[in-house]
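Spelled out, the chains give:
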Amino acid sequence: MKLQLNDVVKSYGADVVLDRVNIQIKDNEKIALVGRNGCGKTTLLKIICEKEPMDSGSRFVANGTKIGYLSQITFLDETKTVYEELLDAFKEVRSLEKQLLEQANRLEFDANEKELERYDKLQQRFEALNGYQYEVELQSVFFHFQFTKEDLDKPLNQFSSGQKTRIALVKLLLSKPDILLLDEPTNHLDMDSIEWLENYIKHYPFAVILVSHDRMFLDNVVDEIVEIEFGKSMRYVGNYTHYIKAKEEYLKKNHEAYIRQQQEIQRLETLIDKFRYKKNKAAFAKSKQKYLDRMERIEDSKQDSSRIKANFSSYRKGGKRVLSVEDLKIGYGDNVLSTVSFELLQKQRMGIIGPNGIGKSTLIKTLVGQIEKISGEFKFGHQIDVGYFNQESAQMVSNKNVLDELWDEDPNATQTEIRNILASFLFTQEEVFKDVSSLSGGERVRLALAKLMLDHDNLLLLDEPTNHLDIPAKEALEEALMKYDGTILFVSHDRMFLKKMANRILKMEADKSSVYNLTYEEYLEKAKNDELVESVQEVKEQPATKVSFQDSKALKNRVAKLEKMLEEAELDLESLRELRYEPEYYQDYQKMEELDQQIDDKHNEINALMNEWEEKMALIEKATA
């Protein structure tokens, strides 16, 4: 056992954050702490590394176990070069190197079993810390965090606070603690760096406990989830996707067990009341009462079901061509970051990707007029209303309270209407009177999204809309935007958000941009196989076509057949979903994954049938117009 926390309690005033929480690390597990913002995940990390005291409970750490936490790394002398600072991470390696040399010299004169065993232990530890390659590793890790070779020789005081944080993360990774604690490690990294970090942590030779709202990162890295909800902890084996299914199954089974126990308690109480005053049955009633008193009571399932309930919609449809961009050079002054060209059509959801610093956010700011273009053209289509959400939404500056901030967006609305909208973004009761300046980052983002929803624009320009949101809020936002009847152009480093949202991809590079008529998942697959083909898109009005009587009859027959096929496919889907509750599947991770693939395939079949049905119905409507 490397580490064990038992019955940890932590309160801040009357607010109990952690209530008898348990966690343990036996080997080299990769564990994620999940839960809503403010549930105590970061507090638990700080308790693990003794940066925060617990109110009660116990903490055991095996002798010699080294724990590393990012915020504990500080640069005492910022005149040192980055290289000098990073070399400090290898103190143990360099010490081992020296000890190995000394022990090798000792073995030349005394090669007894004890000395050989000591040499073997030193060598095992040295190899585990990649001792033979530490110089190469130093450079490799550093360069993967968006730094150059020249940066190694610069003093620390020449870097921004964000860059210093990344350097601190590099130093922490290189120091290879036995338990590595990471709090939102993917923040402010580009996708290449995130993917590299995923692979690094996945193959990290020691234990990792991390907090992250990046669902794809969790899926690709961790093998265990510890959920913190209502101050309690619950452990689930598997990645994030498996945890969601396992939790749903646990809640269902636990509720069923609770109902059965309550029925049994009621039956026993009825028997006890019936026989307790009868002489010949009093002993029977007494024994049943003792059994009832000893019974371990099952608590009914409960979960925090509070979720954003957004409903984005547009007041007017607008033109088919939403936005045209041609040879648009973006940047600052004479510094051109990128040259961009693309067409955005009605109801498309285009995700913008590219390395950090290429100008993704700059493009959005140029389109809304916050930054002057350097050259080129862009033009919005007919009756296009633009809504804008930016990364600075979490730094919203206002001297108003939450209610007034939103009400000013629509002064004609009633207070009840505004409060209902705020409630749908989880601002309830007295929370609506909180000062905007006192809100957390996540709360400010929710308020900014509420303001955006109230405007009913038909084009949304979104710059990192999921930043500062916890996972339930991200998922609720995705659901709302998927139902939105307008067009979306967005920047995001959240790969799960990209995967769910984007049906077109704009890849930005220094000298050009490329557009692909692909989902993000399709884009990744084709990029991996070197099969990417840029799309050429033209907007053409379809000429009206006359549908003959025979064609019309054939169309109606096909529609009837499609409706029957859809009905059968929906029944098949429901049957597959029911299998999720069979022990044969939910107790077998591999079978559950195969079942999920079958369900996905059936969804795709239904979508294809539905698309064809809509096309045929449109043709029938044209013929009868």
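Residues numbered from 1 in each chain as written. Predicted model: local features only at pLDDT ≥ 70, side-chain atom pairs only at ≥ 80, totals over all residues. Heavy atoms only, no water.

**Notes on the sheet that holds strand β5 (residues 67–69)**
Here is step 1: Pairing within the open sheet is mixed, and its six strands lie in the order β5-β6-β7-β3-β8-β9. At either end of the open sheet lies a strand with only one pairing partner, and these are β5 and β9 (232–237). Sheet twist, expressed as the average angle between the axes of neighbouring strands with direction ignored, equals 20 degrees.
Here is step 2: In the sheet, strand β3 (residues 30–34) pairs with strand β7 (residues 207–211) via four bridges, with the strands oriented parallel. Note that in β7 the partner of Lys-30 across the bridge is Val-208. (Pairing = 2+ DSSP bridges. Helix = DSSP H or I, 4+ residues; strand = E, 2+ residues; numbered from the N terminus. Axes fitted to C-alpha atoms, helices over the stretch in contact; angles between N-to-C directions.)

**Describing the pairing of strand β6 (residues 179–183)**
Look at any regular strand and the pattern is simple: side chains alternate between the two faces of the sheet.
Here is step 1: Summarising burial for β6: four of the five residues are buried, a large majority.
Here is step 2: Of the pairings in the sheet, the one linking β5 to β6 comprises three bridges and is parallel in character. Looking across to β6, one finds that Gly-68 is bridged to Leu-180.
Here is step 3: Taken together, the five bridges between β6 and β7 define a ladder with parallel strand orientation. Bridging from a neighbouring strand, Leu-182 pairs with Leu-210 of β7.
Here is step 4: With helix α7 (residues 191–202) bridging β6 and its parallel neighbour β7, the resulting β-α-β unit is right-handed. (Buried < 20%, exposed > 50% of the residue type's maximum accessible area, 1.4 Å probe, protein only. Right-handed = clockwise from strand over helix to strand, strands pointing away.)

**Here we look at helix α9 (residues 240–275)**
Here is step 1: Helix length check: α9 (36 residues) gives 52 Å between terminal C-alpha atoms against 52 Å at 1.5 Å per residue, within 8%.
Here is step 2: The opening residue of α9 is Asn-239, an N-cap whose side-chain oxygen sits 3.4 Å from the backbone nitrogen of Thr-241. (Expected span 1.5 Å × (residues − 1). Polar contact = N/O pair within 3.5 Å; in protein donor to acceptor, adjacent residues only side chain to side chain.)

**Structural notes on the environment of Val-340**
Here is step 1: Relative to the helices and strands, Val-340 resides in strand β11 (residues 335–345).
Here is step 2: Here Val-340 falls in the buried class, since its relative accessible area comes to 0%.
Here is step 3: Expressed as a C-alpha distance, the spacing of Val-340 and Ile-265, which sit 75 residues apart in the sequence, is 70 Å.
Here is step 4: Ignoring anything within four residues of it in the chain, the contact list for Val-340 reads Val-325, Glu-326, Asp-327, Leu-328, Ile-330, Leu-363, Leu-506, Met-508 and Ser-513. (Contact = heavy atoms within 4.5 Å.)

**Regarding the environment of Pro-355**
Here is step 1: Relative to the helices and strands, Pro-355 resides in the loop between β12 (349–353) and α11 (360–367).
Here is step 2: It is 29 Å that separates the C-alpha atoms of Pro-355 and Ile-31, two residues lying 324 residues apart in sequence.
Here is step 3: Discounting residues that sit within four places of it in the chain, Pro-355 has contacts with Asp-190, Lys-360 and Met-508.

**Things to note about the sheet that holds strand β16 (residues 487–491)**
Here is step 1: Taken in spatial order, the six strands line up as β14-β15-β16-β12-β17-β18 in an open sheet, and their pairing is mixed. This sheet does not close on itself; its edge strands, each paired only once, are β14 (386–389) and β18 (513–516). Taking each pair of neighbouring strands and ignoring which way they run, the sheet shows an average axis angle of 15 degrees.
Here is step 2: As judged from the four bridges shared by β12 and β16, these two strands associate in the parallel manner. Paired with Met-350 across the bridge in β16 is Leu-489.
Here is step 3: The sheet strands contacting helix α14 (residues 441–455) are β14 and β15 (459–463), and the helix crosses β14 at an angle near 180 degrees.

**What about the pattern of salt bridges?**
Here is step 1: Enumeration according to the criterion identifies 38 salt bridges in this entry.
Here is step 2: One salt bridge in this structure joins Arg-267 and Glu-264, with 2.9 Å as the shortest N-O distance. A residue pair is termed a helical-turn pair when its members lie 3 or 4 positions apart in one helix, as Arg-267 and Glu-264 do in helix α9 at three residues.
Here is step 3: Looking at Arg-267, the relative accessible area reads 43%, which means it is partly exposed.
Here is step 4: As a salt-bridge pair, Glu-478 and Lys-500 come within 3.3 Å of each other at their nearest N and O atoms. (Salt bridge = Lys/Arg side-chain N within 4 Å of Asp/Glu carboxyl O.)

**Comments concerning helix α5 (residues 134–143)**
Here is step 1: Every buried residue of α5 is listed here: Tyr-134, Glu-137, Leu-138, Val-141 and Phe-142. Mapping the buried residues of α5 onto a view down its axis gives an arc of 125 degrees, with all of them on the same face.
Here is step 2: Contacts from the buried residues of α5 go to α2 (82–87), α3 (91–107), α6 (161–175) and α7. (Arc of directions from axis to C-beta.)

**Describing the side chain of Glu-85**
Here is step 1: One can find Glu-85 in helix α2.
Here is step 2: Here Lys-171 takes part through its side chain, which lies 2.5 Å from a polar atom of the side chain of Glu-85.
Here is step 3: Not counting residues up to four positions away in its chain, the partners in contact with Glu-85 are Thr-74, Phe-75, Asp-77, Lys-80, Leu-156 and Lys-171.

**Here we look at the state of the cysteines**
Here is step 1: One pass over the full model with this rule turns up zero disulfides.
Here is step 2: With no disulfide of its own, Cys-39 lies closest to Cys-49 among cysteine sulfurs, the gap being 17 Å.
Here is step 3: By relative accessible area, Cys-39 is classed as buried at 14%. (Disulfide = S-S within 2.5 Å.)

**Section: the confidence of the model for the chain**
Here is step 1: Taken as a whole, the chain shows an average pLDDT of 87; of its residues, 95% reach a score of 70 or greater.
Here is step 2: Here helix α19 (residues 583–586) is the element of the chain with the lowest mean pLDDT, 74, and β16 is the one with the highest, 96.
Here is step 3: Counting contacts from residues 538–544, a segment whose pLDDT is below 50, to residues more than four positions away or on other chains yields three contacts. (pLDDT = per-residue confidence, 0-100.)

**Some points on the packing of α9 against helix α10 (residues 282–294)**
Here is step 1: Where α9 meets α10, the axes come as close as 8 Å, and the angle between the chain directions of the two elements is 150 degrees. As judged from the angle between their axes, α9 and α10 are roughly antiparallel. Seen along the crossing, α9 lies across α10 with a hand that is left-handed. On α10, the residues touching Ile-265, Leu-268, Glu-269, Leu-271, Ile-272 and Phe-275 of α9 are Ala-282, Phe-284, Ala-285, Lys-288, Gln-289, Tyr-291 and Leu-292.
Here is step 2: Within the contact of α9 with α10, the residues separate by chemical class into ten nonpolar, one polar and two charged. (Parallel < 35°, antiparallel > 145°, perpendicular 65-115°, else oblique. Left-handed = near helix turned anticlockwise from the far one by under 90°. Nonpolar A, V, L, I, M, F, W, Y, C, P; charged D, E, K, R; others polar.)

**Points about the pairing of strand β10 (residues 321–332)**
Here is step 1: In this sheet, β11 lies alongside β10 in antiparallel orientation, the contact comprising nine bridges. Bridge pairing links Ser-324 to Glu-343 in β11.
Here is step 2: Between β10 and β11, which pair antiparallel and follow one another directly, the connecting turn spans two residues, one of which, Gly-333, has a positive phi of 65 degrees.
Here is step 3: Of the strand pairs in this sheet, β10 and strand β13 (residues 375–380) are connected by five bridges, and their pairing is antiparallel. Counterpart to Lys-329 in the pairing with β13 is Ser-375.

**Thoughts on unusual backbone geometry**
Here is step 1: For Asp-327, which is not glycine, the phi dihedral falls at a positive 45 degrees.
Here is step 2: Looking at where Asp-327 falls in the secondary structure, it is placed in strand β10.
Here is step 3: Of note, the phi angle at His-456 is positive, near 55 degrees, even though the residue is not glycine.
Here is step 4: Tracing the sequence through the fold places His-456 in the loop between α14 and β15.

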